[in-house]
Every structure is written in C-alpha cells, then in structure tokens.
Amino acid sequence: MIRAGIVGASGLAGGELIRLITQHPDLELTFLGGSSHIGSRPAELHPGLRIDPGLTVQPVTEDIADLVDVVFLATPAPVSADLAALLADRVPAIVDLSGAFRIRTPELHDRWYPKVKRRADLADRFVYGVPELVAEQLPDAALISLPGCYATAITLGLAPLTLGLGLELRTVVVDGKSGSSGGGLTLRTADLHPFRSGAIAPYAPTGHRHAAEVGDFLGRSKPGSIGSLSMSAYGVSHVRGLLTSSYVFTNDAISQRELQRAYLRFYKGHRFVRVRRHAETLIPVPDPQAVLGSNFCDVTVLLDEEGGRIVVLAALDNLVKGAAGQAVQAANLRFGLAEEAGLTMQPLMPA
C-alpha cells in the first residue's frame, strides 16, 4: 500500500481527498494535517463522511516524512510554498493543489501571486500535472503542481488544437462559469446565500490567474502556439461544477469533421476526457451536471463558420477532476498504479 497524507484536511478539497483515498484500493490514509481543527476527526469536519480511519488532524512538521510516501497539499498557495520547502527531498512525492508552483515564469508568477514567495529552485522542479498531457513525466516526478480547476478545463479543451494539430491560435477568449465551491470555505459577503443564490456574478471580468497558467504551460509546449489568451470568470448559483467556453480565432483553415476527428484521436485511450457531440444526449453537452461527482472532463469542439471561430466547451466537477480526483490520478501515475484506480465512479445526475 502507498501511504498518503493530506494537509489541509478541513477544506473542501481536503474532504474530497479523504473520500477518495479511503475508498482507494492501493492508497492508505496515514496522516491528516492542518493548522486549525487540531485533534478533529474527519467525520467531525465533513458531514458526509461517517468514517473513522483512526486519524485526527495534526500539526505538520518534517517528521511527516516517516509516515507518508505521498503528501497532498490542499492548502492556500503561501502555505504550500512553505510546506514544499520544508518537505521537498524528505517525502518521496508531493502533490500540490494550490497555485504556488503552477506558473513557472517568475515574472508572471509574481504578477498573479504577489504574496506567494517560493524557492526558485523548487519552482523549476515542479511538473505541471495535467495527467493526459504529461503522463510520461509523472513516474519520475517528486514534485507535482496540479493545474487550477478552470485551467484544467481550458488546457484539456485547447490541447488538441495546439499540441495535436499544431495550429497557430491568434486569439483565445475564455468565458468561465463556476459554482460556489470553487471559492473554498472563506467567508465573503458576495458568497452569502441572499447574494449568491440565482446569481451570475462577474467576479473576474477582465482577467484570471488560471488563464495565465494555461498560457504559461501551452506557451512552453510545442507544436502550435497561442498569441493571446484572456478570460472572464463568473460565479453561478451551482455548488459544484464549472464550464469553460473558449472562443478561438486562427488563420489556419479547418473543417468541423477535421476538428472532431482530431479531438477523438488526441484523447483516444484517455478515459477521463470524454469527447462529445453537442446534441448527443437529452440535454446539450457539455454540461457540468453531467459530470458531477466524477473525474471526467467532457469536451466538445464546434466550428462557427459565420463567426470565423472555433468554439471549445469543457465541463468538469471542480472538486474532483479540477482538484482531488486529478490529484489522485497524478499520484496513481507517479507510483505505477492503474491510472483509474479509485476513480471509476460515474457521475451523479441529477445532483
């Protein structure tokens, strides 16, 4: 069994990690860490988990290295930066769910994460962990930085165009809509029920850090390129799930048939990315409702001939494929386990 620890066990992503790891055939939960709720059991922190793995939340010290083979950091970015410095080269594998190490370019990191001070040598060692795109790097990775939830959807949506077809994307404009769980458990006035219920709240209308990390990652990946990538983000009244709509402008000529075939070919054998036709089900897809509780990302590509653009839609559960599920998927590949181990659950719908 692979011994797993979770730091940030009281948060939403931490709770999802507990749920997934305690059902995993090859992972054993051996440590729960945090700075608050010391001494609390999982069932006290997460009402849906009536389990007792015999663990309570403990402070994190370097001694954790004696207890775990992999540690998941479900912590705020400044905390992850400090913990990575403490635990690197002591713990065989660190999977960080925060934004501390997602953007490799120092200037871009400082722009979007000005309060996150990190060790430059560690930033260069972290693998940007989109399993479908970097699977060959993960078995040897000691440090894995998971993309953000929006970034996961955007990257998986655009990769067949850049990495697969090698297109030169002149302009990409992203519209993102996410449920309230994407903001974590921090209390903000805008997240109170009287304001959030039924809302479509433009909380980042002119830019988002997840778009910056996508541009940084795909900008270093070849073939293909992206000239500019911008994003507007909206909060909607769902709790889970997000949808990204990427509007792509390119000078490269391509047909709808070529696009569909390219996406199917690119994700052949990748069970967690489902390439879908917009009208293949009773409701138009992708729809976040159709992936909730699962590790799937549903992707649809459409050619808008009149508008001179390619439209890429991607939907996922931000707490599973956008966080804890993708973290487990990356850890599976890191330790030579079946990629789908512990992640075979189908979506819950309606939810």
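Analysis parameters
Residues numbered from 1 in each chain as written. Predicted model: local features only at pLDDT ≥ 70, side-chain atom pairs only at ≥ 80, totals over all residues. Heavy atoms only, no water. Buried < 20%, exposed > 50% of the residue type's maximum accessible area, 1.4 Å probe, protein only. Helix = DSSP H or I, 4+ residues; strand = E, 2+ residues; numbered from the N terminus. Contact = heavy atoms within 4.5 Å. Core = buried A, V, L, I, M, F, W, Y, C linked by side-chain atoms within 4.5 Å. Salt bridge = Lys/Arg side-chain N within 4 Å of Asp/Glu carboxyl O. Phe/Tyr/Trp six-rings, centres within 6.5 Å; stacked < 30°, edge-to-face > 60°. Lys NZ or Arg CZ within 6 Å of the ring centre and 35° of its normal. Pairing = 2+ DSSP bridges. Axes fitted to C-alpha atoms, helices over the stretch in contact; angles between N-to-C directions.

Caption draft 1: How the structure looks around helix α9 (residues 209-219). In terms of residue burial, α9 counts as a mostly covered element, since 8 of its 11 residues are buried. Along α9, the residues that are buried comprise H210, A211, A212, E213, V214, D216, F217 and L218. In this structure, the buried side of α9 is in contact with α4 (106-112), β5 (127-128), α6 (131-134), α7 (149-164) and β9 (225-236).

Caption draft 2: Main features of the nonpolar core. If you look at the biggest cluster of nonpolar residues, it comprises 79 residues, and the most contacted ones within it are L17, I21, F72, L97 and L161. For this core, the element with the highest residue contribution is α7, accounting for 9 residues. Filtering out sequence-adjacent residues up to four positions away, I21 remains in contact with A4, I6, L27, E28, L29, F72 and V328. Core analysis: the second largest hydrophobic core is formed by 25 residues, A81, A84, A100 and V116 among them.

Caption draft 3: Broad picture of the pattern of salt bridges. By the definition in use, this model includes 16 salt bridges. Linking E132 and K321 is a salt bridge whose minimum nitrogen-to-oxygen distance equals 3.0 Å. With E132 in helix α6 and K321 in helix α11 (residues 320-334), the pair connects residues that are 189 residues apart, well separated along the chain. The exposure classification of E132 matches that of K321, with both residues buried. Shared partners join several salt bridges into a network, and the residues in it are E16, R19, R240 and D317.

Caption draft 4: How the structure looks around the packing of aromatic side chains. Here the structure, examined in full by the defined rule, presents 4 aromatic pairs. Look at F101 and F126: their rings are 4.1 Å apart centre to centre, the planes differ by 10°, and that puts the pair in the stacked class. Note that F101 is positioned in the loop between β4 (93-96) and α4 and F126 in the loop between α5 (120-125) and β5, a separation of 25 residues in sequence. Residue F101 shares its accessibility class with F126, and that shared class is buried. A centroid spacing of 4.8 Å and a plane angle of 35° characterise the contact between Y128 and F217, whose relative ring orientation is tilted. Taken together, the positions of Y128 in strand β5 and F217 in helix α9 put the pair 89 residues apart, joining distant regions of the chain. In terms of burial, Y128 and F217 fall into one category: buried. When the ring centre of F296 is taken as reference, the NZ or CZ atom of R274 above it lies at 4.2 Å. The lysine or arginine in question, R334, covers the ring of F335, its NZ or CZ lying 4.7 Å from the ring centre.

Caption draft 5: Here's a closer look at the sheet that holds strand β8 (residues 200-204). Across the sheet, which stays open at both edges, the 7 strands sit in the order β8-β9-β7-β10-β13-β12-β11 with mixed pairing between neighbours. Two strands bound the open sheet, and with one partner strand each, they are β8 and β11 (273-275). Strand-to-strand, the axes of this sheet are offset by a mean angle of 25°, without reference to chain direction. On the sheet, α7 packs against β7 (168-178), β8, β9, β10 (242-250), β11, β12 (297-304) and β13 (309-316) and is oriented at approximately 35° with respect to β10. Contacts from helix α10 (residues 256-266) reach β11, β12 and β13, with the element oriented near 160° to β12.

Caption draft 6: Focus on the sheet that holds strand β1 (residues 2-7). The sheet built from 6 strands is open, its strands ordered β2-β1-β3-β4-β6-β5 with parallel pairing. Each edge of the open sheet carries a strand with a single partner, namely β2 (27-33) and β5. Two strands pair when backbone bridges link them, and β1 and strand β3 (residues 70-73) are joined in this way by 4 bridges, in the parallel orientation. Each bridged residue has a counterpart across the sheet, and for G5 the counterpart in β3 is V71. Contacts between helix α3 (residues 77-87) and the sheet are confined to β1, β3 and β4, with β3 contributing the most and set at about 165° to the helix.

Caption draft 7: Layout of the pairing of β10. In this structure, β7 lies alongside β10, joined through 9 bridges in antiparallel fashion. The residue of β10 that forms the bridge with V172 is V248. The sheet contact formed by β10 and β13 spans 7 bridges and is antiparallel. Bridge pairing in β13 links V248 to I310.

It is worth stressing that arrangement in space is one thing and function is another; only the former is reported here.
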